[in-house]
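# Structural overview
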Protein chains: 4
Amino acid sequence: MIKRIGVLTSGGDAPGMNAAIRAIVLTAAVHNIDVIGFHHGFNGLLEQDYQMLLPQHVQHIIQQGGTLLKSARCKALHTDNGAQQAAAALHSLQLDGLIVIGGDGSFRGTLAIAKYYQGQLIGVPGTIDNDVDGTDYTIGFATAIDTALNAIDKIRDTADAFERIFLVELMGRHSGYITLSAGIAAGAEQIICPEFGTLTEANLQTILTPIQHAQLLRGKSSYIIVVAENSYPGGTTALADALSKALNIECRACILGHIQRGGSPVGADRILATKLGAYAVEQMVNGANLMMAGEVNQQAVLYPLAKTGDKQKQIDPYMVRWQQCIASD
Amino acid sequence: MIKRIGVLTSGGDAPGMNAAIRAIVLTAAVHNIDVIGFHHGFNGLLEQDYQMLLPQHVQHIIQQGGTLLKSARCKALHTDNGAQQAAAALHSLQLDGLIVIGGDGSFRGTLAIAKYYQGQLIGVPGTIDNDVDGTDYTIGFATAIDTALNAIDKIRDTADAFERIFLVELMGRHSGYITLSAGIAAGAEQIICPEFGTLTEANLQTILTPIQHAQLLRGKSSYIIVVAENSYPGGTTALADALSKALNIECRACILGHIQRGGSPVGADRILATKLGAYAVEQMVNGANLMMAGEVNQQAVLYPLAKTGDKQKQIDPYMVRWQQCIASD
Amino acid sequence: MIKRIGVLTSGGDAPGMNAAIRAIVLTAAVHNIDVIGFHHGFNGLLEQDYQMLLPQHVQHIIQQGGTLLKSARCKALHTDNGAQQAAAALHSLQLDGLIVIGGDGSFRGTLAIAKYYQGQLIGVPGTIDNDVDGTDYTIGFATAIDTALNAIDKIRDTADAFERIFLVELMGRHSGYITLSAGIAAGAEQIICPEFGTLTEANLQTILTPIQHAQLLRGKSSYIIVVAENSYPGGTTALADALSKALNIECRACILGHIQRGGSPVGADRILATKLGAYAVEQMVNGANLMMAGEVNQQAVLYPLAKTGDKQKQIDPYMVRWQQCIASD
Amino acid sequence: MIKRIGVLTSGGDAPGMNAAIRAIVLTAAVHNIDVIGFHHGFNGLLEQDYQMLLPQHVQHIIQQGGTLLKSARCKALHTDNGAQQAAAALHSLQLDGLIVIGGDGSFRGTLAIAKYYQGQLIGVPGTIDNDVDGTDYTIGFATAIDTALNAIDKIRDTADAFERIFLVELMGRHSGYITLSAGIAAGAEQIICPEFGTLTEANLQTILTPIQHAQLLRGKSSYIIVVAENSYPGGTTALADALSKALNIECRACILGHIQRGGSPVGADRILATKLGAYAVEQMVNGANLMMAGEVNQQAVLYPLAKTGDKQKQIDPYMVRWQQCIASD
């Protein structure tokens, strides 16, 4: 029977991590399980830096961005020695299980601990990138889209007033999920992300053509290109310079950066975090181990932690096709 | 072959209706289909009050609340005479089809026209209530949740500062979808909606007990009850008065009302509207008739218009159970 | 020399109260003054319910709505006995001074204490109503305007889509400041506030005429009337009913209520709160007593607490005239 | 008697420009004055590219960002030939006056026209930079502060979660107004702007010391430095790199850029724009010429256009001193 568990947030922080912590603590309380929270991701586990988490500690945190447990990356865990040390800490603190809120990198760290730890290990997908296999959405993704949209809507105002071309760079190192979603939702005139092929100086014309077409035929008063980070050699600023030169029009780059990680989570993220946090505790009570609590087709499901990074999640092909259809018109 | 279609927005307006109109117009343009937009819902059809909708007319409306075509209810369509008149208008304007953006009431009106019209009739679910069968979400629901949340978060600030009990009434005449979703996302201490049973003066104690429990045991500094409209005889203000009297604490009612219908749509609604608007046109081209374009498990699907009001959509039972579990603790 | 002071927030809470507390604590730290914060306004003083306030306690509260010290009204202070008890508490806690953040009602309570207390008493104007004499703006007013605007902008969307008349009731029991400011900023078609004269069933025609005029001449697609609370016998809902009946058009009332008190303070309120909080401490160090720290013409100034409620602050006559000029057109 | 005037928006666009256009059109209508609006700033004047502006054209634009007249810079006006051409256009369109909404650069262009034009020329200060002499605030400044704050608050979330140092670069090429205001309102740990002296690699220690101090003594979990653009050789990214190297901690730069120009104007900007737009028309009717409509101490005032760029407006010395006091603690 489970009496005492740990929880930590790991990797890049995401809006909704606090909501997940809250759901874990409240659900654990219903099952008479004690919860301790480690600070700074796995670092807090290695250093036994933690705090008790009672229901009153999680009051009114559902709407707060960031994570009260702090997050961090943890190089030490990448070594076998680190994994052993983590397992030893879990044992010495008499924890029956650990819930890790983070992305697939954090889940790899979790699996490393499994070799030396007999308790239950459960993951909850928390990352703005929505690049974790086994769940339709990750906690933080919906908020990141709306934060990006809010910024792009503002840029639309000034782009429209000044008749400029803007390139807006969004996060997503390995995945165009945020870029495609925000680009479609912003009504961007063009979207550039890794899934659409590699862009270089050599094939720059592929993105120049629709711009020239739009200017000639439609009299667009502004033109916004949403770009995933790492889409062009030298970055989005270099791409803006290349476009400015080729088109002889001022093209400006705007790098949204870390504002995409912050802010009060939107409803969808708060609900998802609440659902997955609660489900993680319930399934731990039911004996689950080495599983991630995800949501597929509105249903909470378990998915093997070992497979969460297996394959790139596919972006909705219908929307990709529609976007390309519209852009090439 | 489809050459010319009409589109209208009907019933209570919802954020994202403009995004749906935009997607219909842009997709139609790709298929060389002309689009005319009727004003004020079916009234504009009956009165042949309309405008041409070209791609330049829908520039930069994806982010705008309301509907550029205006919406309205239309009593005339409830008569057989009205349906005949609508069909006659569609024929005289040489329309090969009509796309109706609205809720299940609007779809009933659409079906009435079908008796007298040989063209194709397609529905797109646009209503904040999320009470249409055949689609996981309706356009406008996600935004309504976030608008409600934004207001409840502000009420939390003042409730917390003043240590008051607040009742926040949300929309949803026949369904607790908005109330349950916003209540969970807001971390409301209690949620009252029709799905949880009927509340009267006689069984008021069922909601008093958790309040008294929370005050005694947890020292909560604020207590927010999210209430679906029409949950108590005399309304939410009467309920607040009854609670004030029973608890001898000031309980205030806050009726959110129509602010829930407005505002720039959030990303989820813009994407859903874009997807369903595009899908509606494509399926019309493919010959679909008397169907609604919905989304089930992230896939665009067709669903018979005649069945969209068939059964009450069920609120996620997992979240209902979790909420009750936490509240009764 | 001042070594130790108290601070409390009193009356209706206002966004920016936390920012004022932060500035007081940080400025006191520079002057090596200890600060204790009383909970629940003057109640915490009477009951000696308080906490130490060190710089780390006020980290990252500048952006938070509400007040970490909680606020409340305090009937006990209205009696001579209460004032004596408050003074005794200040003496027993060895406080050299007390800073009260609140409105003119709270300042009257402060003055009552002065009869029995030899330390320094300073007020900081914190109320959304902007009805305190001796300062151009009160802390919280700017945020309340923007919260109201945000809601009215949303109502505009739905009013415009449905072509309805909306009455939006704003706070301000004795003053039309919020109503006039928000009404002008929202581009409301009409503004009703106490300063414009008393409205009853008898002179209802004065507000009907511009509505009828607008409908006939301008083809307005929506009509929004911003109304100060207590502007019509029976309230704004009764006024909406009266208009509906007289015009034979659906007029809806929307009571914004307590959402106007919450939310993260806007920049203007954070800056004003920071300035006045710092100034209050500095002037206390300089020997000020029975004064309010206000801002007049961008300059921090002292103003006698006894005069803060003296006369109704006048609403900018230029804007009143402009509004009436436009409305009567 | 004035029968017909022109209006244009010039230079960098600012939130509230639409509200100013609306007030000009509505006030002109009351005085039976026709208004035409030139597109793209002075370019539209030179090319006689304009539209009639009737009250129905400015319905519901008070809340919209950008400018419906579009803005632009206009090199042609810098030549004597351009000024003559502009004057000729004003004469040929039989305009009795022109209202220019923009910054002091646009006002210099306006003055150039005066040599060849007998009508009345009035300026309205619209720029986010608040660097125009003769008015306490410019239209757009308040919104730019709140947009910056909103972004910095989000960065605070992630900085706090990850315990990072962030440098946030704000606009303001020649003035630290936005930076100081937003920095204070955000509770930034440090503010760097031109008014505080020149920063180079040589005196980097002046900003390192408070960071090191904060880390040692206060255990701050995040550290945000708000930086005016052009504050360091090589830009804010170079400064972040220099700090990273010196402190051996990851310091990240975040360049807010053009999002600061967009967005729906906040209440303060809508009210200021309404007041100054109305005042500009009224004073033109009263015979004013070569003047800017500004606001000083809440009063609308006229100020010679020729002096609007005379001296750098001084940042509130009280707040500068307070900020330095706190930072050096």
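Our subject is the structure that appears above.
Heads up: these notes are all about the structure in this document. The model shown is predicted, which means the values in this text are computed figures rather than measured ones. (Residues numbered from 1 in each chain as written. Chains lettered and ligands numbered in written order. Predicted model: local features only at pLDDT ≥ 70, side-chain atom pairs only at ≥ 80, totals over all residues. Heavy atoms only, no water.)

## Topic: helix 8 (residues 235-247) of chain D
Residue and element names in this part refer to chain D. Between the first and last C-alpha of helix 8 there are 18 Å, a value that for 13 residues agrees with the 18 Å anticipated at 1.5 Å per step. For helix 8, the full list of buried residues reads T236, L239, A240, A242, L243 and L247. Looking down the long axis of helix 8, one finds its buried residues gathered within 165° of arc, a one-sided arrangement. Of the residues trailing helix 8, N248 is marked for its positive phi of about 60°. (Helix = DSSP H or I, 4+ residues; strand = E, 2+ residues; numbered from the N terminus. Expected span 1.5 Å × (residues − 1). Buried < 20%, exposed > 50% of the residue type's maximum accessible area, 1.4 Å probe, protein only. Arc of directions from axis to C-beta.)

## Remarks on the environment of Q299 of chain B
Residues and elements named next belong to chain B. Along the polypeptide, Q299 turns up in strand 11 (residues 299-304). Separated by 163 residues in the primary sequence, Q299 and D136 place their C-alpha atoms 9.9 Å from one another. If we skip the residues at most four places from it in the chain, Q299 touches K275 and G294. (Contact = heavy atoms within 4.5 Å.)

## Some thoughts on the relation of the copies chain D and chain A
Here chain D sits on chain A after a turn of 180° about the axis and a move of 0.0 Å along it, with an RMSD of 0.0 Å. Taken together, the rotation angle and the small translation identify this as a two-fold axis. A high fraction, 100%, of the interface residues of chain D reappear at the interface in chain A, so the copies pair face to face through one surface. (Least-squares fit on C-alpha atoms with pLDDT ≥ 70 in both.)

## Looking at the environment of S222 of chain B
Along the chain, S222 of chain B falls in the loop between helix 7 (205-218) and strand 8 (223-228). If we ignore the near neighbours within four places in the chain, the residues touching S222 of chain B are H60 of chain A together with R156, A159, D160, R164 and E189 of chain B. Engagement of the side chain of S222 of chain B in a polar contact is seen with the side chain of H60 of chain A, the distance being 3.4 Å. Looking at S222 of chain B, its side chain comes within polar contact range of the side chain of D160 of chain B, at 3.1 Å. (Polar contact = N/O pair within 3.5 Å; in protein donor to acceptor, adjacent residues only side chain to side chain.)

## So, helix 1 (residues 17-30) of chain C
The terminal C-alpha atoms of helix 1 of chain C lie 20 Å apart, and with 14 residues this matches the ideal 20 Å at 1.5 Å per residue to within 8%. Extensive coverage of helix 1 of chain C is indicated by the burial of 12 of its 14 residues. For helix 1 of chain C, the set of buried residues is M17, N18, A19, A20, I21, R22, A23, I24, V25, L26, T27 and A28 of chain C. In this structure, the buried residues of helix 1 of chain C make contact with strand 1 (4-9), strand 2 (34-38), strand 4 (97-102) and helix 9 (267-285) of chain C together with helix 10 (317-327) of chain D.

## A look at the interface of chain D and chain A
Taken together, the contact pairs 34 residues of chain D with 34 residues of chain A. Overall, the association of chain D and chain A removes approximately 2500 Å² of surface from exposure, summing both partners, and the carbon and sulfur fraction of that is 59%. Put simply, chain D and chain A have two salt bridges between them. Its salt-bridge partner being D160 of chain D, residue K70 of chain A comes within 3.7 Å of it at the nearest N-O pair. The tally of links from chain D across to chain A stands at eight residue pairs in polar contact (both at pLDDT 80 or more). Of all elements in the fold, only helix 5 (141-162) and strand 9 (251-255) of chain D reach the threshold of two or more residues within the side of chain D that touches chain A. When residues of the side of chain D that touches chain A are assigned to their parent elements, the largest contribution, nine residues, is made by helix 5 of chain D. For the side of chain D that touches chain A, a count of residues per class yields 10 nonpolar, 14 polar and 10 charged. (Buried area = accessible area lost by both parts, 1.4 Å probe. Salt bridge = Lys/Arg side-chain N within 4 Å of Asp/Glu carboxyl O. Nonpolar A, V, L, I, M, F, W, Y, C, P; charged D, E, K, R; others polar.)

## As for the packing of helix 9 of chain C against helix 6 (residues 177-185) of chain D
Running from N to C, helix 9 of chain C and helix 6 of chain D cross one another at 75°; their axes reach a closest spacing of 8 Å. Here helix 9 of chain C is positioned roughly perpendicular relative to helix 6 of chain D, judged by the angle of their axes. Here helix 9 of chain C contributes G267, R270, I271 and T274 of chain C to the contact with helix 6 of chain D, which in turn contributes S181, I184 and A185 of chain D. Looking at side-chain class alone, the contact of helix 9 of chain C with helix 6 of chain D contains three nonpolar, three polar and one charged residues. (Axes fitted to C-alpha atoms, helices over the stretch in contact; angles between N-to-C directions. Parallel < 35°, antiparallel > 145°, perpendicular 65-115°, else oblique.)

## Regarding the nonpolar core
Counting residues in hydrophobic clusters, the biggest one holds 289 residues, and the most contacted among them are I99 of chain A, I99 of chain B, I99 of chain C together with I99 and L170 of chain D. The contact partners of I99 of chain C, leaving out residues within four places of it in the chain, are I5, G6, V7, L8, I24, I122, V124, A280, V281 and M284 of chain C. (Core = buried A, V, L, I, M, F, W, Y, C linked by side-chain atoms within 4.5 Å.)

## Describing the packing of aromatic side chains
Each aromatic ring pair is described using two quantities: the centre-to-centre distance and the angle formed by the ring planes. Inspection of the entire model under this criterion finds 16 aromatic pairs over all chains. With a centroid separation of 6.0 Å and an interplanar angle of 75°, the aromatic rings of Y279 of chain A and Y318 of chain B are classed as edge-to-face. Pair noted here: Y279 of chain A is in helix 9 (residues 267-285) and Y318 of chain B is in helix 10 (residues 317-327), and the two residues belong to different chains. A single burial state applies to Y279 of chain A and to Y318 of chain B, both of which are buried. Seen in terms of ring centroids, F38 of chain C and Y50 of chain C are 5.9 Å apart; in terms of plane orientation they differ by 70°. Their pairing is edge-to-face. Of this pair, F38 of chain C sits in strand 2 while Y50 of chain C sits in strand 3 (residues 50-52), and the two are 12 residues apart along the sequence. For Y50 of chain C, a relative accessible area of 34% translates into the label partly exposed. Its end group placed over the ring of F162 of chain A, R164 of chain A keeps NZ or CZ at 4.2 Å from the ring centre. (Phe/Tyr/Trp six-rings, centres within 6.5 Å; stacked < 30°, edge-to-face > 60°. Lys NZ or Arg CZ within 6 Å of the ring centre and 35° of its normal.)

Nothing here speaks to function; it is geometry throughout.
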